[in-house]
Amino acid sequence: EAAVTQSPRNKVTVTGGNVTLSCRQTNSHNYMYWYRQDTGHGLRLIHYSYGAGNLQIGDVPDGYKATRTTQEDFFLLLELASPSQTSLYFCASSEDRGGYAEQFFGPGTRLTVL
Amino acid sequence: KTQVEQSPQSLVVRQGENCVLQCNYSVTPDNHLRWFKQDTGKGLVSLTVLVHENDKTSNGRYSATLDKDAKHSTLHITATLLDDTATYICVVGSFSNTDKVVFGTGTRLQVSP
């Protein structure tokens, strides 16, 4: 059974719309991450968390909020979606932040903002 | 400037052939380097991680090398299969107060029958 799941897998919204992307991990990992993947760029870190109630800012946080409600669940919030946020979003989890800790990725959510 | 550059951007090989993917980086410090495989429309799956100067790893038909002096890594795939069609992504990680990881843009490999 998949250890990192994301929902929805596809989402279409309009400019100014409100979107919530969900991620759940069953790895019992401390760290969870939200990335976006765009053509011509490597994955870019939006936000990450090291536990319930914690949130850390990533490299491209503008226009995004996130919340870690439990160890398992991490949500990405777009309160006023813009076309520039059209992207493929990945959630990941890891035991630790640095070191050799492997990140385990979800299947991705494709978001289109019209 | 891109901190992790991969080449070629795309590659087509025939099933059964070998191929080599390159990763050059400028990330400092470069404490570890990991190769991921990303099937179309799916998440990333780790293939191998390299840590030490002149490290070499092997995972089935996948093998990788790391030259920290040159800040360069290669991923070799031997006897390619159709299922090897995917994007291969190089990621360099640093131990620092930010514990940063930097992703390359990937090499798109297509294996033809």
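Structure: see above.
Residues numbered from 1 in each chain as written. Chains lettered and ligands numbered in written order. Predicted model: local features only at pLDDT ≥ 70, side-chain atom pairs only at ≥ 80, totals over all residues. Heavy atoms only, no water.

With respect to the environment of P61(A)
Residues and elements named next belong to chain A.
Logical step 1: Take P61: it is sitting in the loop between strand 6 (56-57) and strand 7 (65-68).
Logical step 2: Sequence separation between P61 and Q6 is 55 residues, and the spatial gap between their C-alpha atoms is 19 Å.
Logical step 3: Residue contacts for P61: discarding those within four places in its chain leaves I46 and H47. (Helix = DSSP H or I, 4+ residues; strand = E, 2+ residues; numbered from the N terminus. Contact = heavy atoms within 4.5 Å.)

Some thoughts on the interface of chain B and chain A
Logical step 1: Listed per partner, the contact involves 20 residues of chain B and 19 residues of chain A.
Logical step 2: When chain B packs against chain A, close to 1500 Å² is buried across both sides, 56% of that on carbon and sulfur atoms.
Logical step 3: Ionic pairing is found between R34(B) and E102(A), a salt bridge with its closest N-O pair at 3.9 Å.
Logical step 4: Counting across the chain B and chain A interface gives one residue pair in polar contact (both at pLDDT 80 or more).
Logical step 5: For the side of chain B that touches chain A, the elements supplying multiple residues, two or more each, are strand 4 (32-38), strand 5 (44-50) and strand 10 (101-103) of chain B.
Logical step 6: If you tally residues by element for the side of chain B that touches chain A, the top one is strand 4 of chain B, at four residues.
Logical step 7: A class-by-class count of the residues in the side of chain B that touches chain A yields seven nonpolar, nine polar and four charged. (Buried area = accessible area lost by both parts, 1.4 Å probe. Salt bridge = Lys/Arg side-chain N within 4 Å of Asp/Glu carboxyl O. Polar contact = N/O pair within 3.5 Å; in protein donor to acceptor, adjacent residues only side chain to side chain. Nonpolar A, V, L, I, M, F, W, Y, C, P; charged D, E, K, R; others polar.)

Focus on a nonpolar patch on the surface
Logical step 1: A contiguous nonpolar surface patch, about 300 Å² in accessible area, is contributed by V12(A), V14(A) and L114(A).
Logical step 2: Looking at the element boundaries, V14(A) is found in the loop between strand 2 (10-13) and strand 3 (19-25). (Patch = residues over 30% accessible without salt bridge, like charges linked within 9 Å, V, L, I, M, F, W, Y side chains within 5 Å. Areas by Shrake-Rupley, 256 points an atom, 1.4 Å probe, with all protein chains shown as cover.)

Focus: the state of the cysteines
Logical step 1: Tallying each qualifying case throughout the model produces two disulfides over all chains.
Logical step 2: Each sulfur in the disulfide pair C23(A) and C91(A) lies 1.9 Å from the other. On the sign convention where negative means left-handed, the S-S torsion of about -75° between C23(A) and C91(A) marks this disulfide as left-handed. Here C91(A) lies in strand 9 (residues 87-94) and C23(A) lies in strand 3, a separation of 68 residues in the sequence. The two residues C23(A) and C91(A) agree in class, both being buried.
Logical step 3: In this model, C23(B) is linked to C90(B) through a disulfide, with the two sulfur atoms separated by 2.0 Å. Here C23(B) and C90(B) share a disulfide; its torsion about the S-S bond, -70°, makes the bridge left-handed. (Disulfide = S-S within 2.5 Å. Buried < 20%, exposed > 50% of the residue type's maximum accessible area, 1.4 Å probe, protein only.)

Examining the packing of aromatic side chains
Logical step 1: Applying the stated rule across the entire model yields 12 aromatic pairs over all chains.
Logical step 2: Ring centres of Y31(A) and Y50(A) lie 6.1 Å apart, and the angle between their planes is 55°; on these two criteria the pair is classed as tilted. With Y31(A) in strand 4 (residues 31-37) and Y50(A) in the loop between strand 5 (44-49) and strand 6, the pair connects residues that are 19 residues apart, well separated along the chain.
Logical step 3: Exposure remark for Y31(A): the relative accessible area of 15% places this residue in the buried category.
Logical step 4: Judged by centre distance (5.6 Å) and plane angle (85°), the ring pair of F105(A) and F36(B) falls under edge-to-face. Placement of the pair is F105(A) in strand 10 (residues 104-105) and F36(B) in strand 4, with the two residues belonging to separate chains.
Logical step 5: With relative accessibility at 10%, the residue F105(A) sits in the buried group.
Logical step 6: Classification of F36(B) by relative accessible area gives buried; the value is 3%. (Phe/Tyr/Trp six-rings, centres within 6.5 Å; stacked < 30°, edge-to-face > 60°.)

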